[in-house]
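Listed below, chain by chain, are the residues.
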Amino acid sequence: IEGAEREVLLSMGSRSWGPHIKKLVVEYSFDVFPRRCDFDEVLKHLRATGWRVYPESVPAWFASVDATWDRRKTLGNDARQIWAFRA
């Protein structure tokens, strides 16, 4: 997710996806949105709109709500996948 893609995703309601969309995989770019609270907002929104969400793990130093992604620690590995499924 880079740029406007995040805003589009956050604007989608539970009925916006239609009946046939059952799986969603996005790559979240921490180099574009480095704050943990922004990442958590996307996860929370997906859950609130009916998705079961399975984000790829993040480093322990990025666990706190006020954490910011540090590219020096990741050596350029600045994205994580988010898998989501609906019944």
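Scroll up a little and you will see the structure.
Residues numbered from 1 in each chain as written. Predicted model: local features only at pLDDT ≥ 70, side-chain atom pairs only at ≥ 80, totals over all residues. Heavy atoms only, no water.

A.B. asks: Help me understand the packing of helix α1 (residues 4-11) against helix α2 (residues 36-48), please; the structure alone is not making it clear to me.
C.D. replies: In helix packing, the relevant descriptors are the interaxial angle and the interaxial distance, both defined with respect to the helix axes. Two elements in contact, α1 and α2, have axes separated by 9 Å at closest approach and are oriented at 35 degrees. The chirality of how α1 crosses α2 is left-handed. Contacts from Arg6, Leu9 and Leu10 of α1 reach α2 at Asp38, Glu41, Val42, His45 and Leu46. Class assignment for the residues of the contact of α1 with α2 results in 4 nonpolar, 1 polar and 3 charged. (Axes fitted to C-alpha atoms, helices over the stretch in contact; angles between N-to-C directions. Helix = DSSP H or I, 4+ residues; strand = E, 2+ residues; numbered from the N terminus. Left-handed = near helix turned anticlockwise from the far one by under 90°. Contact = heavy atoms within 4.5 Å. Nonpolar A, V, L, I, M, F, W, Y, C, P; charged D, E, K, R; others polar.)

A.B. asks: Can you walk me through α2 in this structure?
C.D. replies: Within an α-helix, residues lying three or four positions from one another point in the same direction, as the helix has 3.6 residues per turn. Its 13 residues give α2 an end-to-end C-alpha distance of 18 Å, which sits within 8% of 18 Å, the value for a rise of 1.5 Å per residue. Along α2, the residues that are buried comprise Arg36, Asp38, Phe39, Val42, Leu43, His45 and Leu46. In this fold, the buried residues of α2 make contact with α1, β1 (23-29), β2 (52-55) and β3 (79-85). Once α2 finishes, Gly50 follows within two positions and takes phi at roughly 95 degrees, a positive value. (Expected span 1.5 Å × (residues − 1). Buried < 20%, exposed > 50% of the residue type's maximum accessible area, 1.4 Å probe, protein only.)

A.B. asks: How do you make sense of the side chain of Arg6 when you look at a structure like this?
C.D. replies: Within the secondary structure, Arg6 is located in helix α1. Separated by 2.7 Å, the side chains of Arg6 and Glu41 make a polar contact. Excluding residues within four positions of it along the chain, Arg6 makes contact with Ile1, Tyr28, Phe33, Asp38, Glu41 and Val42. (Polar contact = N/O pair within 3.5 Å; in protein donor to acceptor, adjacent residues only side chain to side chain.)

A.B. asks: I would appreciate a short explanation of the environment of Thr49 in the present structure.
C.D. replies: Mapping Thr49 onto the fold places it in the loop between α2 and β2. It is 9.8 Å that separates the C-alpha atoms of Thr49 and Leu10, two residues lying 39 residues apart in sequence. A distance of 3.0 Å separates a polar side-chain atom of Thr49 from the backbone oxygen of His45.

A.B. asks: Just to check I follow, could you spell out a negative patch on the surface for this structure?
C.D. replies: Residues Glu2, Glu5, Glu27, Asp31 and Glu56 make up a contiguous surface patch of negative charge. Tracing the backbone through its elements, the reader meets Asp31 in the loop between β1 and α2. (Patch = residues over 30% accessible without salt bridge, like charges linked within 9 Å, V, L, I, M, F, W, Y side chains within 5 Å. Areas by Shrake-Rupley, 256 points an atom, 1.4 Å probe, with all protein chains shown as cover. Salt bridge = Lys/Arg side-chain N within 4 Å of Asp/Glu carboxyl O. Lys, Arg positive; Asp, Glu negative; His and termini not counted. Charge placed at Lys NZ, Arg CZ, Asp CG, Glu CD.)

A.B. asks: I'm lost on α1 in this one. Help?
C.D. replies: Every buried residue of α1 is accounted for by Arg6, Leu9 and Leu10. Buried positions in α1, seen along its axis, are confined to an arc of 95 degrees and lie on one side of it. Away from its buried face by more than 90 degrees, α1 exposes Ala4 and Ser11. The elements touched by buried residues of α1 are β1 and α2. (Arc of directions from axis to C-beta.)

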